[in-house]
Amino acid sequence: MTFTIVGRCKRTGHRGIAIATSSPAIGTRCSFVSHAGAVALQAVAEPRLGVFSLRLLEQGYSPRKVVAEVTSSDDWPGKRQIGIVDADGRSAAFTGDANMAWAGHITGENFVAMGNVLAGPQVAEAIAEAFHERESDELEVRLLRAIEAGRDAGGQEEGQTSAGLLTFGEQIVPRCDLRVDISDEPVKELRRIFDWYAPLLPYFEERNRNPNVPRFKDYFAQLGLARAYGKPVPVTRGGSTKFPYRP
């Protein structure tokens, strides 16, 4: 029920996953990324296998060896689909024989494109091709472009309901962790959210090191960028109504 790109940027070493599916809240169950690499585990997802896979990568296992370990230790490997790219760009994937058609994967240096219950193999092919366009772009942009291409190539014929984007850079916390849990067009909505948020990627990396950076609203203003925020909520105290601070 899902289509996914697992990718690494050769230029920066950043790792990440973009994913879309017909079920809700896909971002909570199927994407696992750390300094060691990126793992997507889907079809009938078992999140503990994703955590296990990351731990094996962190211990120095190759993606191919991780796939072998996970599938041999799982009671239901036929129902799983796994895609792995490690911190060195090595990749491996597995599509169990109990996945619903069309199901399959494409692997190569720095990426895995895969999916199940798709309109056809052209979906995975479009994802892989789009990921390799303009490799100088930031990883987040390339990942989003890839799942947009998968959607446009047919995606899941029953439609998509949720989508997610998770990336890691040099820090031990995510560089980008955005998701759309329920939407008629989650890939489109994920793009809208990312475009709003994208200028803040370097901002939050810097703020982790330096708490004296300005508020993010002031940062946007310094860049000359306009953004819409939530409406202030009036606060009533002692019979008078006031609004909180407005930038």
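Structural notes, computed from the coordinates. As the structure is a prediction and not an experimental result, all values here were calculated from the model. (Residues numbered from 1 in each chain as written. Predicted model: local features only at pLDDT ≥ 70, side-chain atom pairs only at ≥ 80, totals over all residues. Heavy atoms only, no water.)

### A closer look at the nonpolar core
Here comes step 1: Judged by nonpolar contacts, the single largest core of 32 residues is most densely connected at Ile5, Ile147, Leu165 and Leu190.
Here comes step 2: If you tally residues by element for this core, the top one is helix 4 (residues 139-152), at 5 residues.
Here comes step 3: Isoleucine 147 has contacts with Phe3, Ile5, Ala18, Ile19, Val187 and Leu190, leaving out every residue within four places of it along the chain. (Core = buried A, V, L, I, M, F, W, Y, C linked by side-chain atoms within 4.5 Å. Buried < 20%, exposed > 50% of the residue type's maximum accessible area, 1.4 Å probe, protein only. Helix = DSSP H or I, 4+ residues; strand = E, 2+ residues; numbered from the N terminus. Contact = heavy atoms within 4.5 Å.)

### Let's talk about the sheet that holds strand 7 (residues 104-108)
Here comes step 1: One open sheet accounts for 6 strands, arranged 7-8-1-2-9-10; its pairing is antiparallel. In this open sheet, the two edge strands, each paired with only one partner strand, are strand 7 and strand 10 (174-180). This sheet shows a mean twist of 5° between the axes of neighbouring strands, independent of strand direction.
Here comes step 2: The strands that helix 3 (residues 121-131) touches are strand 1 (2-8), strand 7 and strand 8 (111-115); relative to strand 1, the one it contacts most, it runs at about 25°.
Here comes step 3: Packed on one face of the sheet, helix 5 (residues 186-197) meets strand 2 (15-21), strand 9 (162-168) and strand 10 and runs near 140° to strand 10. (Pairing = 2+ DSSP bridges. Axes fitted to C-alpha atoms, helices over the stretch in contact; angles between N-to-C directions.)

### Describing the packing of helix 5 against helix 6 (residues 200-209)
Here comes step 1: Across the interface, helix 5 lies against helix 6 with an axial gap of 8 Å and an inter-helix angle of 55°. Classified by the angle between their axes, helix 5 and helix 6 sit oblique to one another. Each of Phe194, Trp196 and Tyr197 in helix 5 lies in contact with helix 6, whose residues at this interface are Leu200, Leu201 and Phe204. (Parallel < 35°, antiparallel > 145°, perpendicular 65-115°, else oblique.)

### Some words on the pattern of salt bridges
Here comes step 1: Counting across every chain of the model gives 17 salt bridges.
Here comes step 2: Between arginine 48 and glutamate 46 there is a salt bridge, with its nearest N and O atoms 2.7 Å apart.
Here comes step 3: For arginine 48, a relative accessible area of 65% puts it in the exposed group.
Here comes step 4: Where arginine 191 meets aspartate 195, a salt bridge forms, and the shortest distance between an N and an O atom there is 3.5 Å. Here the residue arginine 191 and the residue aspartate 195 both occupy positions in helix 5, the gap between them amounting to 4 residues, near one helical turn.
Here comes step 5: Three or more residues joined by partner-sharing salt bridges are found here, namely Arg11, Glu138, Glu140, Arg175 and Glu205. (Salt bridge = Lys/Arg side-chain N within 4 Å of Asp/Glu carboxyl O.)

### Notes on the sheet that holds strand 3 (residues 31-34)
Here comes step 1: Taken in spatial order, the 4 strands of this open sheet run 3-4-5-6, and their pairing is antiparallel. Where the open sheet ends on each side, the last strands, each with one partner, are strand 3 and strand 6 (91-95). Between one strand axis and the next, the sheet turns by 5° as a mean value, whatever way the strands run.
Here comes step 2: Across 4 bridges, the pairing between strand 3 and strand 4 (residues 37-43) is antiparallel. Pairing of serine 34 across the sheet is with glycine 37, part of strand 4.

### Observations regarding the packing of aromatic side chains
Here comes step 1: Under the criterion given, the structure shown has 8 aromatic pairs.
Here comes step 2: Ring centres 6.4 Å apart and planes at 35° place the aromatic pair phenylalanine 111 and phenylalanine 131 in the tilted group. With phenylalanine 111 in strand 8 and phenylalanine 131 in helix 3, this pair connects stretches of sequence that are 20 residues apart.
Here comes step 3: Here phenylalanine 216 and phenylalanine 220 contribute two aromatic rings whose centre-to-centre distance is 6.4 Å and whose plane-to-plane angle is 80°, an arrangement assigned as edge-to-face. Remark: phenylalanine 220 and phenylalanine 216 occur in helix 7 (residues 216-223); sequence separation between them is 4 residues, near one turn of the helix.
Here comes step 4: In this structure phenylalanine 216 comes out as partly exposed when scored by relative accessible area, which is 25%.
Here comes step 5: Members of the aromatic cluster, joined through ring pairs, are Trp196, Phe216, Phe220 and Tyr229.
Here comes step 6: Sitting over the face of the ring of phenylalanine 131, arginine 142 holds its NZ or CZ atom 4.1 Å from the ring centroid.
Here comes step 7: A cation over an aromatic ring shows up here: arginine 227 above the ring of tryptophan 196, its NZ or CZ 5.8 Å from the ring centre. (Phe/Tyr/Trp six-rings, centres within 6.5 Å; stacked < 30°, edge-to-face > 60°. Lys NZ or Arg CZ within 6 Å of the ring centre and 35° of its normal.)

### Let's talk about helix 1 (residues 47-58)
Here comes step 1: Relative to the 16 Å expected for 12 residues at 1.5 Å per residue, helix 1 spans 17 Å between its end C-alpha atoms, a close match to the ideal helical length.
Here comes step 2: Glycine 60 occupies a position one or two residues after helix 1 and carries a positive phi of about 100°. (Expected span 1.5 Å × (residues − 1).)

### Re the pairing of strand 4
Here comes step 1: Strand 4 sits mainly inside the fold: 6 of its 7 residues count as buried.
Here comes step 2: In textbook terms, the turn of a hairpin is the stretch between consecutive antiparallel strands, and for strand 3 and strand 4 this stretch comprises 2 residues.
Here comes step 3: With 7 bridges connecting them, strand 4 and strand 5 (residues 80-86) associate as antiparallel partners. The residue bridging leucine 41 from the neighbouring strand is isoleucine 82, located in strand 5.

Functional significance is not addressed by these values, which are geometric in nature.
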